[in-house]
Amino acid sequence: MIVLVDESFLKRKSIQIRKDLLEMIYNAGTGHTGSSLSNTDILTALYYGVMRIDPENSNWQDRDRYVQSKGHAVESYWTVLADKGFFPKDELKTFSQFGSKLIGHPNNKMPGVEMNTGALGHGLSISVGMALGAKKDGKSYRVFTLMGDGEQAEGSIWEAAMAASHYKLDNLIGIIDRNNLQITGSTRDVMNNEPLDEKWKSFGWEVIEVDGNDVVELVEVLNNAPYKTDKPTLILANTVKGKGVSLAENVVGWHHKVPSEEEYKQAMDELTERLEVLK
Amino acid sequence: MNNIALKSRSGNKVANRKVISDTLLDLAKENSDIYVLTSDSRGSASMVQFGNELPEQLIEVGIAEQNLVGISAGLASVGKKPFVASPACFLSMRSIEQIKVDVAYSNSNVKLIGISGGVSYGALGMSHHSVQDLAVTRAIPGLHVMMPADRHETKKMIEALIDYDTPAYVRIGRNPVEDSYLNEDYDFEIGKAVEMNQGNDITIIASGETVRVALDTACALKDSDINCRVLNMHTIKPLDEVAIIKAAKETGKIITLEEHSIYGGLGAAVSEVVSQNHPVPMKIIGIPDEPAITGKTPEVFKHYGINAENISNIAKEMIHHN
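Quick caveat, the model's predicted, so the values are computed rather than measured. (Residues numbered from 1 in each chain as written. Chains lettered and ligands numbered in written order. Predicted model: local features only at pLDDT ≥ 70, side-chain atom pairs only at ≥ 80, totals over all residues.)

Caption draft 1: Region of the structure containing the overall build of chain B. A tally of regular secondary structure across chain B gives 12 helices and 14 strands. By the compact-globule yardstick of 20 Å for 322 residues, chain B fits well, its C-alpha radius of gyration being 19 Å. For chain B, the C-alpha atoms occupy an extent of roughly 60 × 40 × 35 Å along the three principal directions. By residue count, 56% of the 322 residues in chain B fall in the buried class. Counting contacts in chain B only where the partners sit at least 6 residues apart, residues at least 24 apart contribute 79% of the total. (Helix = DSSP H or I, 4+ residues; strand = E, 2+ residues; numbered from the N terminus. Rg over C-alpha atoms; globule rule 2.2 N^0.38 Å. Buried ≥ 20, exposed ≤ 12 C-beta atoms within 10 Å, placed from the backbone. Contact = placed C-beta atoms within 7 Å.)

Caption draft 2: Representation of the interface of chain B and chain A. In this assembly, 20 residues from chain B lie in contact with 19 residues from chain A. When residues of the side of chain B that touches chain A are traced back to their parent elements, those giving at least two are α3 (65-77) and α5 (96-105) of chain B. The dominant element in the side of chain B that touches chain A, judged by the number of residues it contributes, is α3(B), at nine residues. For the side of chain B that touches chain A, the residue count by class is nine nonpolar, eight polar and three charged. (Nonpolar A, V, L, I, M, F, W, Y, C, P; charged D, E, K, R; others polar.)

Caption draft 3: Quick peek at the packing of α3(B) against α5(B). Residue and element names in this part refer to chain B. One way to put it is that α3 packs onto α5 with a least axis distance of 9 Å and a crossing angle of 5°. When the axes of α3 and α5 are compared, the pair comes out roughly parallel. Residue-level contacts link Q66, V69, G70 and A73 of α3 to Q98, I99, D102 and V103 of α5. Split by residue class, the contact of α3 with α5 holds four nonpolar, three polar and one charged. (Axes fitted to C-alpha atoms, helices over the stretch in contact; angles between N-to-C directions. Parallel < 35°, antiparallel > 145°, perpendicular 65-115°, else oblique.)

Caption draft 4: Region of interest: unusual backbone geometry. In this structure, the amide linkage connecting E194(A) to the following residue, P195(A), adopts the cis form with an omega of 0°. By the secondary structure assignment, P195(A) is in the loop between α6 (187-191) and α7 (196-202). Following K237(B), the chain continues to P238(B) via a peptide bond in cis, the omega torsion being 0°. Examined against the element boundaries, P238(B) turns out to sit in the loop between β12 (235-237) and α9 (241-251). Despite not being glycine, D230(A) shows a phi value in the positive range, around 75°. Locating D230(A) in the fold gives a position in the loop between α8 (215-223) and β7 (233-238). Looking at D230(A), the number of C-beta atoms within 10 Å reads 12, which means it is exposed.

Caption draft 5: Local environment of the sheet that holds strand β7 (residues 168-171) of chain B. Residues and elements named next belong to chain B. In spatial order, the strands read β3-β2-β4-β5-β7-β6-β12; together these seven strands make up an open sheet with mixed pairing. Each of the sheet's edge strands pairs with one partner strand only, and the pair in question is β3 (58-60) and β12. Each strand of the sheet is rotated relative to its neighbour by a mean of 20°, with strand direction disregarded. Bridge count between strand β2 (residues 34-38) and β3: three bridges; the pairing is parallel. Among the inter-strand pairings, L37 is bridged to a residue of β3, identified as I59. (Pairing = 2+ DSSP bridges.)

Caption draft 6: Region of the structure containing the UniProt feature "domain: Transketolase-like pyrimidine-binding" (unreviewed entry) in chain B. Per the UniProt record, "domain: Transketolase-like pyrimidine-binding" (unreviewed entry) is annotated on residues 14-179 of chain B. In residues 14-179 of chain B, helix accounts for 40% and strand for 19%; the two terminal C-alpha atoms are 8 Å from one another. (UniProt positions renumbered as here; feature names shortened; annotations may be inferred.)

Caption draft 7: Representation of the domain arrangement of chain B. All names here are of chain B. When the domains of chain B are assigned, the result is domain 1 (13-178) and domain 2 (194-321). Computed over C-alpha atoms, the centres of domain 1 and domain 2 are 26 Å apart. Contacts between domain 1 and domain 2 engage 26 residues on the former and 27 residues on the latter. (Domains from an automatic or database assignment.)

Caption draft 8: A look at the nonpolar core. V128(A), L222(A), V84(B) and I204(B) are the most contacted members of the largest nonpolar core, which has 160 residues in total. Two domains each provide a minimum of three residues to this core, namely domain 1 (13-178) and domain 2 (194-321) of chain B. Beyond its immediate stretch of four places on either side in the chain, I204(B) contacts A214(B), T217(B), A218(B), C228(B), V230(B), I255(B), L257(B) and I311(B). (Core = buried A, V, L, I, M, F, W, Y, C linked by C-beta atoms within 7 Å.)

Caption draft 9: Fine view of the packing of helix α1 (residues 7-28) of chain A against helix α3 (residues 74-84) of chain A. Residues and elements named next belong to chain A. For the pair α1 and α3, the least separation of the axes is 9 Å and the interaxial angle reads 115°. Two packed elements cross with a definite hand, and for α1 against α3 that hand is right-handed. Between α1 and α3, the residues in contact are I17, D20, L21, M24 and I25 and E75, S76, T79, V80 and D83, respectively. Tallied by class, residues from the contact of α1 with α3 come to five nonpolar, two polar and three charged. (Left-handed = near helix turned anticlockwise from the far one by under 90°.)

Caption draft 10: Quick peek at the pairing of β7(A). Residue and element names in this part refer to chain A. Across six bridges, the pairing between strand β3 (residues 172-178) and β7 is parallel. Within β7, the residue paired with I173 across the bridge is T233. Across six bridges, the pairing between strand β6 (residues 206-211) and β7 is parallel. The residue bridging I208 from the neighbouring strand is I235, located in β7. In this fold, β6 hands off to α8, which returns the chain to β7; that crossover is right-handed. (Right-handed = clockwise from strand over helix to strand, strands pointing away.)

Written out as structure tokens, the structure reads:
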């Protein structure tokens with residue numbers, strides 16, 4: 001499939017989303033900064049170049065589904081949903097405040113969120129159910145599920161992986177945000193899950209490896225899924241945790257660190273500069 | 001009510017799992033959104049016939065209870081009505097996080113049928129007994145917890161749940177159960193206890209298979225001129241607090257009976273209401289805090305005093321102590 005995308009728009013959008021999520025985290029004094037910067041390009045690709053959705057009608061029956069299994073990286077998600085118009089951008093100011101619906105994990109009380117997630121290892125099973133439902137109804141929508149690489153240690157993921165290929169769910173696209181870090185340290189050191197490509201292949205999935213911080217490549221690769229009839233697709237998205245903010249890139253401590261005033265200024269200046277270049 | 005099988009009619013015994021399967025099969029033939037999901041449990045859930053007649057509406061997930069519940073939540077989110085049939089011991093423990101997050105918290109219209117519940121796996125031991133499930137599921141907001149007494153109530157309950165959008169956990173046993181009702185000619189209401197026998201001397205509150213024991217006890221007490229109220233608490237959550245407070249006020253003494261740990265189940269739920277509204281003496285009869293002894297259900301019940309003889313004696317003691 002040939003997809004016409006405005007490359008410059010996508011690149012600028014992914015930087016703007018980064019600025020918005022950083023502002024939200026800074027003001028709230030809490031958030032998964034490194035994790036959200038890691039998956040920003042994946043979310044930008046999905047919401048601006050891939051998924052069939054209608055923010056005006058968030059419950060449209062034929063919409064593509066997105067399930068964020070790595071629920072903790074919610075800041076990029078909230079920011080993208082607000083930017084797309086699922087709810088007013090002003091609501092981002094309530095993030096993590098007392099009684100807000102914009103909590104630290106996806107919450108389906110907010111338009112655009114399909115399911116509550118946050119406990120790791122749940123999203124793929126839910127997505128299998130959605131994809132199976134689509135097949136039963138003869139509907140053409142696709143289901144996209146974002147997982148973490150640290151999350152691959154959850155056994156339930158592999159239960160779901162087995163079921164997806166058993167039921168030939170080629171309308172299911174799993175994405176692993178492979179930034180090689182988790183809260184304690186390097187994913188290889190904490191619990192080595194490599195080789196991930198071979199594992200997923202052996203579970204009957206078609207595996208495609210991409211630069212998970214290249215929003216243009218992501219749009220193309222995601223739009224071309226499925227790659228094999230009757231097989232679910234696994235996008236192994238190689239990412240950098242903290243991507244776009246030099247001081248946070250590849251630093252374990254930024255998993256859920258909040259920037260200081262100085263760090264915040266430095267990060268925003270860096271992103272603004274990059275945005276200027278792209279104009 | 002005049003359709004209560006007050007006296008034991010030991011001839012009529014049907015397993016509730018068979019009733020659920022038959023009821024769902026009838027309903028699913030008319031409604032293609034109804035799905036049954038099993039975890040290699042279609043035999044124990046009596047769902048073989050369902051699978052044979054409606055193969056497209058039975059989804060097998062293999063021995064993977066977490067995935068079972070997650071998939072059901074996904075199906076519910078795209079408009080299906082999934083009924084999950086899996087042994088209560090695994091469903092309520094292995095997949096409790098999926099029940100909490102994917103089903104209850106996400107408000108997914110999933111009906112969880114815990115089969116072979118309580119001690120009905122008998123000799124298989126504690127790994128297969130489920131006498132903590134009410135305690136765990138009852139503490140989860142947004143989830144109903146229910147337990148039918150016999151075949152008639154099971155049918156009424158499943159029919160009531162078909163067009164009822166709140167997620168629910170329904171626990172049933174494995175073995176054929178004696179009737180507590182004569183027929184299905186009555187109104188079943190979710191969350192409303194059924195007064196199976198009138199009386200003002202003492203109240204027995206029971207659910208599931210212990211309702212039959214409560215009725216047998218009421219019959220035995222009648223011989224001693226004691227009028228025992230029997231409340232069938234088929235819905236443990238939301239609990240019929242009105243019926244409980246009324247019983248406390250009018251009868252002054254309450255015994256609870258359950259095929260569950262004495263911690264956190266029906267007895268605990270009733271005492272939470274009684275102690276805060278109208279404190280009266282109570283006895284909580286159930287499985288003590290130990291790995292339950294193994295054996296057939298009647299043997300296990302007798303061992304722990306869940307039988308008419310023992311409960312009649314307890315009731316008499318409570319009355320005479322007054």
